[in-house]
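Observations on chain architecture
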Amino acid sequence: MYKLIDGKQISTQIKDELKDRVAKEGIKATLAVIQVGDDPASSVYVGNKKKACEYIGIGSRSFELPEKTTEEELLDLIDKLNDDDDVTGILVQLPVPAHIDDKKIINRISPLKDVDGFHPENVGNLCIGQDGFVSCTPAGIMELLGRSGIEVEGKRCVVVGRSNIVGKPMALLLLAANGTVTVCHSRTKDLKDICKQADILVAAVGRPKMITSEYIKEGAVVIDVGIHRMDNGKLCGDVDFDDVKDMTSFITPVPGGVGPMTIAMLMVNCVKAASNRSENHNGK
Ligand code: GUN
């Protein structure tokens, strides 16, 4: 019998822990959230991020910029927010419109305020095991594993997907936890055979229900990062849940698995940025 990993419950637990800590330690955090254009999915994510800030006791400042905003204007805003001592975290919702180079935007955010963990300095820190901000979705998956009592050390871990936001940092985190890690992608040969060796399989492919029982080893832990709206209006992941669940030991549902953890870990990063800042100020 498989166990369901309840991301909703674990994320609420994390947010409650943060809320207590912010109140007890009097942490003053403010997250600046920038959205360029009015993509409906991005608006939902941004709205949820602001709600989470409110729940925990973190201030949020919203910048809803028109689609036609130039790269220069966006970079200027980031410079102002980098210099603003009241702002402890900065987040630019991705994707930005095609005329803006997202790499330039990410590189401009101060690494000390980069609560998404996308800046090369933070990615570099993750790579060599130094402290920094870690991308929220993979960090959330490590929390799900840890809080479910799942050991990574010595396990065969397979990550399907190599994005900068999920696949690559996920592989680095599993490696840092002493897993034996394989990263697969769209050009991987014998994908099924490789997935079938996984004790822990992380699916971040972006294709609805692609991972079927043929990809699963009996007793595997299956983590589903995908979220897709089906024709019938229901949500599904990259994993064909009903087909694979009985082969697994643990599995995340969609919705209610990985999704809620991304925002919880963003809040962890926001509190960390504010707390680091006040430590540095006190030290001066
Ligand atoms: N777009 C999709 N995921 C993310 C995320 O984690 N952070 C930001 N800023 N944009 C995203």
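1. A word on the site of the ligand
- Surveying the vicinity of the ligand reveals the residues Lys-49, Leu-91, Val-92, Gln-93, Leu-94, Asp-116 and Phe-118.
- With respect to the ligand, the backbone of Val-92 contributes an N or O atom lying 2.9 Å from a nitrogen atom.
- A breakdown of the residues in the shell around the ligand according to their chemical character gives four nonpolar, one polar and two charged.

2. Notes on the sheet that holds strand β2 (residues 30-36)
- Ordered by their spatial adjacency, three strands build an open sheet running β3-β2-β4, and the pairing between neighbours is parallel. Single-partner strands in this sheet number two, and they are β3 (59-65) and β4 (89-92). Adjacent strand axes in the sheet meet at a mean angle of 15 degrees, parallel and antiparallel pairs treated alike.
- The sheet contact formed by β2 and β4 spans four bridges and is parallel. Opposite Ala-32, over in β4, you have Ile-90 as the bridge partner.
- Set on the sheet, helix α2 (residues 40-56) makes contact with β2, β3 and β4; between it and β2 the angle comes to about 170 degrees.
- Seen against the sheet, helix α3 (residues 71-83) touches β2, β3 and β4 and runs at an angle of roughly 180 degrees to β2.

3. What about the packing of aromatic side chains?
- Tallied over the entire structure, the rule returns one aromatic pair.
- Here the aromatic rings of Tyr-2 and Phe-241 are separated by 6.2 Å at their centres, their planes lie at 90 degrees, and the arrangement is edge-to-face. Taken together, the positions of Tyr-2 in the segment before β1 (3-4) and Phe-241 in helix α9 (residues 241-244) put the pair 239 residues apart, joining distant regions of the chain.
- The exposure class assigned to Phe-241 is partly exposed, which follows from its relative accessible area of 24%.
- Looking at Lys-19, its charged tip hangs above the ring of Tyr-55, at a distance of 4.3 Å from the centre.
- The aromatic ring of Phe-133 is capped on one face by Lys-272, whose charged end is 5.6 Å from the ring centroid.

4. Brief notes about the environment of Glu-214
- In this structure, Glu-214 sits in the loop between β7 (200-203) and β8 (220-224).
- Taking the relative accessible area as the measure of exposure, Glu-214 reaches 44% and is therefore partly exposed.
- Glu-214 sits 150 residues away from Glu-64 along the chain, and the two C-alpha atoms are 45 Å apart.
- Ignoring anything within four residues of it in the chain, the contact list for Glu-214 reads Lys-192 and Lys-196.

5. Remarks on the sheet that holds β7
- Taken in spatial order, the six strands of this open sheet run β1-β11-β8-β7-β5-β6, and their pairing is parallel. Taken across any chain shown, the strands that pair with only one partner, and hence form the sheet edges, are β1 and β6 (180-184).
- As paired strands, β7 and β8 are joined by four bridges and run parallel to one another. Within β8, the residue paired with Ile-200 across the bridge is Val-221.
- In the packing of helix α7 (residues 167-176) onto the sheet, contacts are made with β5 (156-160), β6 and β7, and the angle to β5 comes to roughly 170 degrees.

Scoring rules and cut-offs
Residues numbered from 1 in each chain as written. Predicted model: local features only at pLDDT ≥ 70, side-chain atom pairs only at ≥ 80, totals over all residues. Heavy atoms only, no water. Near = heavy atom within 4 Å. Polar contact = N/O pair within 3.5 Å; in protein donor to acceptor, adjacent residues only side chain to side chain. Nonpolar A, V, L, I, M, F, W, Y, C, P; charged D, E, K, R; others polar. Pairing = 2+ DSSP bridges. Helix = DSSP H or I, 4+ residues; strand = E, 2+ residues; numbered from the N terminus. Axes fitted to C-alpha atoms, helices over the stretch in contact; angles between N-to-C directions. Contact = heavy atoms within 4.5 Å. Phe/Tyr/Trp six-rings, centres within 6.5 Å; stacked < 30°, edge-to-face > 60°. Buried < 20%, exposed > 50% of the residue type's maximum accessible area, 1.4 Å probe, protein only. Lys NZ or Arg CZ within 6 Å of the ring centre and 35° of its normal.

Any functional reading would require information that these geometric values do not contain.
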